[in-house]
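# Structural overview
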Amino acid sequence: MIILKTPQEIEFLRQSNRIVADVLVTLRDLIQPGITTKELDQTAEDLILNNGAVPAFKGYMGYPAALCASVNEEVIHGIPGPRRVKTGDIVSLDLGVKLNGYYGDATITVPVGKVNKETEKLLRVTEMALYEAIKMARVGNRLYDISYAIQSLAESNGFSVVRDFVGHGIGRDLHEEPQIPNLGRPGHGPRLKKGMVLAIEPMVNQGGWQIKVLPDKWTVVTADGKLSAHFEHTIAITDAEPEILSLPSPVEEHQKS
Ligand code: MF3
Ligand code: CO
């Protein structure tokens, strides 16, 4: 587990996470009916390399791409390929980069064209769960306060949280201690400390929490075939509000480029 000690370390983490966030904005804007997940992956990899960074997922435990693109009932680790997304689909885009030895990691789930009301609600609740969880990432709280914030919001809206995959510490490695489950008992778990860096990532299912892994050994899908959404930010714990590291550059800078 990393505990940030120097301004340099936090600056490096800001840089790698900002690249992740900026690339995700570009991918979100590219998504339209007919685009393939492979095209999104290619764009992601090109942009990461143009920024002088390295895709963190490619080659990690043999994963073959820069991007995880998980469509509809795919929960996580969807391998980019020739599939063309269509109106009404949702696509979660999970991206990691390494720059100067420090990792960034974030995820958004994007609707393709117009999606139905229930799908919209799943996206809204999952993103809201992420922000409620981030609010709990403060000195004095405990780790499972974060977990419970996700679980309570998801379940009170009639959804379930994925139990077999978790968020994680991040810093000089993509996955560091602690594991951050998306469910847990408030007031329990390790105490949160200043300088901790956490990738908080609610995975919320429209139906049951059970998942299975496809024969490709990567793609995780819901057992009942219902939709799943995923949002993730990398944050740092400070004396005050948590700092969200994986925020995109200000809009003006996007328009310049
Ligand atoms: N964001 C995911 C995670 O935090 C993605 C890892 S996928 C892999 O674990 F391809 F890198 F394995
Ligand atoms: Co992650």
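Quick note: structure is the one above.
This write-up is about the structure you can find in this document. Remember, it's a predicted structure, so these values are computed and weren't measured experimentally.

The full set of residues close to ligand 1 is F57, Y60, Y63, C68, H77, D94, D105, H168, H175, E201, W218 and E232. Within the side chain of D105, one N or O atom sits 2.9 Å away from an oxygen atom of ligand 1. H175 has a polar side-chain atom sitting 2.5 Å from an oxygen atom of ligand 1. Coverage of ligand 1 by the protein chains reaches 93% of its 330 Å² of free accessible surface.

This paragraph deals with the coordination of the cobalt ion (ligand 2). Ideal geometry at a metal gives 109.5 degrees between four tetrahedral donors and either 90 or 180 degrees between six octahedral ones. Summarising the metal site, the cobalt ion (ligand 2) is bound by the protein donors D105 (OD), H168 (NE2), E201 (OE) and E232 (OE), whose distances to it range over 2.1 to 2.3 Å. If you list the donors of the cobalt ion (ligand 2) from N- to C-terminus, the spacing comes out as D-x62-H-x32-E-x30-E. Pair noted here: H168 is in strand β7 (residues 167-169) and E232 is in the loop between β13 (228-230) and β14 (233-236), with a separation of 64 residues, a long-range link.

This next bit is on the sheet that holds strand β12 (residues 220-222). The sheet built from 3 strands is open, its strands ordered β3-β12-β11 with antiparallel pairing. Two strands lie at the open edges of the sheet, namely β3 (74-76) and β11 (211-213), each paired on one side alone. When strand polarity is set aside, the average angle formed by the axes of neighbouring strands in this sheet is 40°. Inspection of the sheet shows β3 paired to β12 by 2 bridges, in the antiparallel sense. Following the sheet pairing, I76 is matched in β12 by V220.

Let's shift gears to the pattern of salt bridges. Per the counting criterion, the structure on display carries 11 salt bridges. For E241, the salt bridge identified is with R138, shortest N-O distance 3.0 Å. Of the two residues, E241 sits in the loop between β14 and β15 (243-244) while R138 sits in the loop between α3 (117-135) and α4 (143-156), which places them 103 residues apart along the sequence. What makes E241 exposed here is its relative accessible area of 55%. Where salt bridges share partners, they join E11, R14 and E243 into one cluster.

Next up on the list: the sheet that holds strand β9 (residues 197-200). Sheet strands line up and pair through hydrogen bonds in the backbone, either parallel or antiparallel. Spatially, 5 strands are ordered β8-β7-β9-β14-β15 in an open sheet, and the strand pairing comes out antiparallel. Where the open sheet ends on each side, the last strands, each with one partner, are β8 (176-180) and β15. Bridge analysis of β14 against β15 gives 2 bridges, and the strand direction is antiparallel. Opposite I235, over in β15, you have I244 as the bridge partner.

On to the side chain of H230. With respect to the secondary-structure elements, H230 resides in strand β13. For H230, a relative accessible area of 0% puts it in the buried group. Only 2.9 Å separates the side chain of H230 from the side chain of E201, close enough to count as a polar contact. Each residue touching H230, except ones within four places of it in the same chain, is listed here: V75, I76, S92, D94, T107, I108, T109, T126, E201, P202 and M203.

Analysis parameters
- Residues numbered from 1 in each chain as written.
- Chains lettered and ligands numbered in written order.
- Predicted model: local features only at pLDDT ≥ 70, side-chain atom pairs only at ≥ 80, totals over all residues.
- Heavy atoms only, no water.
- Near = heavy atom within 4 Å.
- Polar contact = N/O pair within 3.5 Å; in protein donor to acceptor, adjacent residues only side chain to side chain.
- Areas by Shrake-Rupley, 256 points an atom, 1.4 Å probe, with all protein chains shown as cover.
- Donors = N, O, S within 2.8 Å, 3.2 Å for Na, K, Ca; no water.
- Helix = DSSP H or I, 4+ residues; strand = E, 2+ residues; numbered from the N terminus.
- Pairing = 2+ DSSP bridges.
- Axes fitted to C-alpha atoms, helices over the stretch in contact; angles between N-to-C directions.
- Salt bridge = Lys/Arg side-chain N within 4 Å of Asp/Glu carboxyl O.
- Buried < 20%, exposed > 50% of the residue type's maximum accessible area, 1.4 Å probe, protein only.
- Contact = heavy atoms within 4.5 Å.

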